[in-house]
Amino acid sequence: MIGQFFAHTSSIFASTSLAVANAASTPGVPWWVWPLALMVTTFFIGIVSALAGIGGSTLFVPIISSFFPFNFDFIRGTGLFVALACSLSAGPKLLKANMASLRLVIPLALLASSSSIAGAYLGLALPQNILKILLGVLITGIALVFVFSKNSEIPKIGRPDSLARYLNIGGAYYESSSGQDISWTVWRLPQGLLLFCLIGVIAGMFGIGAGWANVPVLNLLLGAPLKIAVGTSMSLLAITDTSAAWIYLNQGAVLAIITIPSVLGIMLGSRVGVRLLNITKPKSIRYIVILMLLFAGLKSLLDGLGWG
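In this report, the structure presented in the accompanying data block is examined. (Residues numbered from 1 in each chain as written. Predicted model: local features only at pLDDT ≥ 70, side-chain atom pairs only at ≥ 80, totals over all residues. Heavy atoms only, no water.)

**Some details on the packing of helix α4 (residues 72-96) against helix α11 (residues 256-279)**
Between α4 and α11, the shortest axis-to-axis distance is 8 Å and the interhelical angle comes to 35°. Seen along the crossing, α4 lies across α11 with a hand that is right-handed. Packed against α4, whose contacting residues are F74, T78, F81, V82, A85, C86, S89, A90, K93 and L94, the element α11 presents I258, T259, S262, V263, I266, M267, S270, R271, V274 and L277 at the interface. Along the lines of polarity and charge, the residues of the contact of α4 with α11 split into 13 nonpolar, 5 polar and 2 charged. (Axes fitted to C-alpha atoms, helices over the stretch in contact; angles between N-to-C directions. Helix = DSSP H or I, 4+ residues; strand = E, 2+ residues; numbered from the N terminus. Left-handed = near helix turned anticlockwise from the far one by under 90°. Contact = heavy atoms within 4.5 Å. Nonpolar A, V, L, I, M, F, W, Y, C, P; charged D, E, K, R; others polar.)

Put into C-alpha cells, the structure is as follows:
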C-alpha cells in the first residue's frame with residue numbers, strides 16, 4: 001500500500017513537472033512568465049470571487065486548466081489552497097462588518113469539512129474528463145437556479161425553525177447602498193445541514209472549495225440576505241477547504257511553482273474585492289454571481305467534452 005502511494009505521488013509529480021518544463025521551454029518565453037501570469041490572473045479572480053462569495057477556486061480551476069499547461073490534479077490541489085487563501089484574507093473583514101455570522105458558519109462548516117475528506121479521495125480516483133463534465137453541469141445548474149429565482153437579494157422567509165432559534169442564528173448589518181440597517185435570520189436549517197454534507201463531498205471531489213454551492217443554499221434555501229450569504233460563504237471556506245486540501249497535499253498533488261503565486265495573487269485581489277463589497281448594491285452582486293457561475297460552469301463542461 002505504501003508502495004502504491006509513492007508510485008501514485010511520483011507519477012503525478014512527474015507529469016506536472018514535465019508540463020512546467022514544456023511551458024518554460026516555449027520559444028521566446030522565459031520560465032518566470034508562467035508564475036507571474038498566474039499571480040496577475042489570480043489577482044483579478046480574487047476581486048470577483050470576494051464580490052460573489054464563491055471562493056477563488058470556482059474560477060481558478062476552469063480558467064487555469066484551460067489556459068495554463070499544468071496537470072489537472074495539480075490545478076485542483078492548488079485550487080483548494082486558493083479558496084482557503086481567499087477566505088482567510090477576506091473573512092476577518094467580513095466578520096468585522098457583520099456580513100458573516102459565526103453562529104451560522106460553525107455548524108455548517110463542521111459537517112462540510114468532514115465530508116470533504118471523502119470527496120477528495122473520490123476526486124483523485126476519477127478520470128479528469130468525467131470530473132470536468134460533472135463539474136460543468138453542476139455549476140451551470142446552480143447558476144440557472146439563481147437566474148430563475150426571485151427576491152434573492154433580501155428574501156422573505158417564514159418563521160425560523162426550532163434549531164435556528166435554539167442556536168440564535170441571526171443579526172443585522174448596515175446596507176450602505178440604501179442607508180438602512182437590515183435585520184435577518186434563517187429557516188429550514190435542518191435541511192441546510194443535510195445539503196452541506198453533500199456540498200462537502202462535491203467540494204473535495206472537484207477541488208474547487210464550496211463557495212459555488214454555499215451562496216445558493218444560504219440565500220435560496222435558508223433565506224439569508226445575499227450579502228450575508230456571500231460573507232458567510234467566504235468564512236465557511238476557511239474551515240471546509242482545509243480538510244480536503246491536506247488530502248491533496250498528502251497525495252503529492254500540490255506544486256510550489258503553481259501554488260505560491262496563485263495564493264499571493266488571490267489574497268491581494270480578495271482584499272480589494274471586500275472593499276468593493278461594502279459599497280456594491282445587492283442586485284449587482286447577484287448579477288456577478290450568475291455571470292461567474294455560468295462562465296465557470298460552461299468552460300468546465302466544454303473542456304470535459306473536448307470542445308474547450
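**A few points about the packing of aromatic side chains**
Per the counting criterion, the structure on display carries 3 aromatic pairs. Considering the side-chain rings of W34 and F68, the 5.7 Å spacing of their centres and the 70° angle between planes classify their relative orientation as edge-to-face. Taken together, the residues span a long stretch of sequence, with W34 in helix α2 (residues 33-52) and F68 in the loop between α3 (57-67) and α4 at a distance of 34 residues. Among the aromatic residues, those joined into a ring-pair cluster are W34, F68 and F70. (Phe/Tyr/Trp six-rings, centres within 6.5 Å; stacked < 30°, edge-to-face > 60°.)

**Points about the environment of K156**
Tracing the sequence through the fold places K156 in the loop between α6 (128-148) and α7 (162-166). Sequence separation of K156 and G223 is 67 residues, and the distance between their C-alpha atoms is 7.1 Å.

**Observations regarding the packing of α4 against helix α10 (residues 226-250)**
Packing of α4 against α10 brings their axes to within 7 Å, and their N-to-C directions diverge by 150°. The handedness of the crossing between α4 and α10 is left-handed. Split into classes, the residues belonging to the contact of α4 with α10 amount to 16 nonpolar, 6 polar and 3 charged.

**Quick word on unusual backbone geometry**
Negative phi characterises most residues that are not glycine, and trans characterises most peptide bonds. Non-glycine residue N168 carries a positive phi angle of around 55°. Despite not being glycine, R188 has its phi angle at roughly 55°, a positive value. Relative to the assigned elements, R188 resides in the loop between β2 (180-185) and α8 (189-206).

**Focus: the side chain of T42**
Locating T42 in the fold gives a position in helix α2. Under the relative-accessibility criterion, T42 is labelled buried at 0%. Side-chain polar atoms of T42 contact the backbone oxygen of L38, separated by 2.8 Å. Reaching out from T42, the side chain makes a polar contact with the backbone oxygen of M39 at a distance of 3.1 Å. Contact partners of T42, with chain neighbours within four places excluded, come to F60, P261, S262, G265 and I266. (Buried < 20%, exposed > 50% of the residue type's maximum accessible area, 1.4 Å probe, protein only. Polar contact = N/O pair within 3.5 Å; in protein donor to acceptor, adjacent residues only side chain to side chain.)

**Details of the environment of G265**
Position of G265 relative to the elements: it lies in helix α11. What makes G265 buried here is its relative accessible area of 1%. Sequence spacing of G265 and A37 is 228 residues, and the spatial spacing of their C-alpha atoms is 9.8 Å. Ignoring any residue separated from it by four or fewer positions in sequence, one finds G265 in contact with M39, T42 and F43.

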